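Take a look at the letters that make up each chain.
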Amino acid sequence: MEQEYKWVIDEKKIKNMLNSESVSRYIINEDKIDMEATYYDDIYGTIKKMCGALRKRKQNEEYICCLKIEQKSNNNCKKRKEYELEENNIYKALEKFPDMGAPKELCEKIRKQELIQLCTLKFYRSAYKLKIKEDCILELSFDKGEMIKGEKRQDFMEMELEFKSGDENKFHTYANMLESKFDLKIQPLSKIARAMKL
C-alpha cells in the first residue's frame, strides 16, 4: 500500500527545509533521478473511472511499469494499492501484475484493449531517505519538471513524503510537523490529474 503526502513547494522552501534540523538530521541517503513517465488508459477510460493510474517510467536507465488503484482516505494522506515491476513493455507488465496481487480480471481487460498514451511527465527528482527514530523509514522527494499533453506544456514543482516502513503514526506526525513548520500547502491532485487538465 502506497501512502504519501503531496505539497506545493518552491526553491526557497526546499533550501530552508534541507538546511533545517527538522530534516537534515534524519537524512541517511540521497539520490538524484532523471524521470520520464508516460501514462496510459484504454479507449473506455477504465483506469480513469477507478481513479487509478497506469504508468511506464524511465528512472535513469531503468524502465518501471506501475499500476495504481486509489483507496479511500480520510485525511491529506493519499493511499493507493501499487503494483510495480521492472519492464519496458506496458502490455507485458499487465500480464505480470496479477502475480503481484493486482486484480486479474482488470489487468486482462485493459491488456486486450488498445492503450492510449494520455500524457508524459519529464522531471528531475531529488530523493532523501529519512530515518525517524529507529522504527520509521520515509522518503522525502522534490520533483521539478514539465507536464506534456499533446502540444500543451506546463512546468511543475512539488514535494512528496512517502511512508516506506515502520510506525505509521510517526509518519503522519512527522508530515503534520513539516506542514505546520514550513507553512506547506497541500497539493490535492496527482501529477496525471494536473497534466490531464492542460
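To be clear, the structure that these remarks concern was listed above.
The structure reproduced in this document is the subject of the present report. (Residues numbered from 1 in each chain as written. Predicted model: local features only at pLDDT ≥ 70, side-chain atom pairs only at ≥ 80, totals over all residues. Heavy atoms only, no water.)

**Quick notes on the overall build of the protein chain**
Right, so step 1: When helices and strands are tallied, the protein chain shows seven helices and nine strands.
Right, so step 2: For 198 residues, the compact-globule estimate of 2.2 N^0.38 gives 16 Å, and the C-alpha radius of gyration of the protein chain, at 17 Å, lies within 12% of that figure.
Right, so step 3: Overall, the protein chain is about 50 × 35 × 35 Å in size when its C-alpha atoms are taken along their principal axes.
Right, so step 4: The buried share of the protein chain, reckoned over its 198 residues, is 46%.
Right, so step 5: As displayed, the protein chain has an accessible area near 11,000 Å², and 43% of this comes from carbon and sulfur atoms. (Helix = DSSP H or I, 4+ residues; strand = E, 2+ residues; numbered from the N terminus. Rg over C-alpha atoms; globule rule 2.2 N^0.38 Å. Buried < 20%, exposed > 50% of the residue type's maximum accessible area, 1.4 Å probe, protein only. Areas by Shrake-Rupley, 256 points an atom, 1.4 Å probe, with all protein chains shown as cover.)

**Considering the environment of lysine 133**
Right, so step 1: Inspection of the secondary structure assignment puts lysine 133 in the loop between β6 (115-131) and β7 (136-149).
Right, so step 2: For the pair formed by lysine 133 and serine 20, sequence separation is 113 residues and the distance between their alpha carbons is 17 Å.

**As for the state of the cysteines**
Right, so step 1: Per the stated rule, a full pass over the model turns up zero disulfides.
Right, so step 2: The structure places no disulfide on cysteine 51, whose sulfur is separated from the nearest cysteine sulfur, that of cysteine 119, by 15 Å.
Right, so step 3: Cysteine cysteine 119 is unpaired, with the sulfur of cysteine 66 as its nearest cysteine sulfur at 14 Å. (Disulfide = S-S within 2.5 Å.)

**A word on the pattern of salt bridges**
Right, so step 1: Applying the stated criterion across every chain yields a total of 23 salt bridges.
Right, so step 2: Between glutamate 87 and lysine 96 there is a salt bridge, with its nearest N and O atoms 2.8 Å apart.
Right, so step 3: Using a relative accessible area of 13% as the deciding quantity, one classes glutamate 87 as buried.
Right, so step 4: Salt-bridge contacts for glutamate 160 lead to lysine 191; the nearest nitrogen and oxygen are separated by 2.9 Å. With glutamate 160 in strand β8 (residues 152-166) and lysine 191 in helix α7 (residues 191-195), the pair connects residues that are 31 residues apart, well separated along the chain.
Right, so step 5: In this structure, a network of salt bridges that share partners links the residues Glu2, Glu4, Lys6, Lys68, Arg80, Glu82, Arg125, Asp143, Glu158, Glu160, Lys191 and Arg194. (Salt bridge = Lys/Arg side-chain N within 4 Å of Asp/Glu carboxyl O.)

**Section: the side chain of serine 141**
Right, so step 1: Looking at where serine 141 falls in the secondary structure, it is placed in strand β7.
Right, so step 2: Setting aside residues no more than four positions away along its own chain, serine 141 makes contact with Arg125, Ser126, Ala127, Glu158, Met159 and Glu160. (Contact = heavy atoms within 4.5 Å.)

**Brief notes about the nonpolar core**
Right, so step 1: Within the largest apolar cluster, 24 residues are counted, with the highest numbers of intra-cluster contacts made by Leu130, Leu138, Met159, Leu161, Tyr174 and Leu178.
Right, so step 2: Those elements giving two or more residues to this core turn out to be β1 (2-8), α1 (11-19), β6, β7, β8 and α6 (168-181).
Right, so step 3: If sequence neighbours within four positions are ignored, tyrosine 174 has contacts with Ser22, Val23, Tyr26, Leu130, Ile132, Leu138 and Leu161.
Right, so step 4: Leu54, Cys65, Leu106 and Ile110 belong to the second largest nonpolar core, which has 17 residues in total. (Core = buried A, V, L, I, M, F, W, Y, C linked by side-chain atoms within 4.5 Å.)

**Some thoughts on the side chain of lysine 6**
Right, so step 1: Mapped onto the elements, lysine 6 comes out in strand β1.
Right, so step 2: You can call lysine 6 buried: its relative accessible area is 7%.
Right, so step 3: At 3.0 Å, the side chain of lysine 6 forms a polar contact with the side chain of glutamate 158.
Right, so step 4: Reaching out from lysine 6, the side chain makes a polar contact with the side chain of glutamate 160 at a distance of 2.6 Å.
Right, so step 5: When neighbours within four sequence positions are excluded, lysine 6 is seen to be in contact with Glu158, Met159, Glu160, Ile186, Gln187, Leu189, Ser190, Lys191 and Arg194. (Polar contact = N/O pair within 3.5 Å; in protein donor to acceptor, adjacent residues only side chain to side chain.)

**Points about α6**
Right, so step 1: With 14 residues, α6 ought to run about 20 Å at 1.5 Å a step, and its terminal C-alpha atoms sit 20 Å apart, in line with that.
Right, so step 2: Considering only its buried residues, α6 is in contact with β1, α1, α2 (21-24), β6, β7 and β8.
Right, so step 3: For α6, the N-terminal cap is aspartate 167; the gap from its side-chain oxygen to the backbone nitrogen of asparagine 169 is 2.9 Å.
Right, so step 4: Two residues or fewer after α6 comes aspartate 183, characterised by a positive phi angle close to 50°. (Expected span 1.5 Å × (residues − 1).)

**Side note on the environment of asparagine 16**
Right, so step 1: If you trace the backbone, asparagine 16 turns up in helix α1.
Right, so step 2: In sequence terms asparagine 16 and phenylalanine 182 are 166 residues apart; their C-alpha atoms lie 8.4 Å from each other.

On their own, these measurements won't tell you what the molecule is for.
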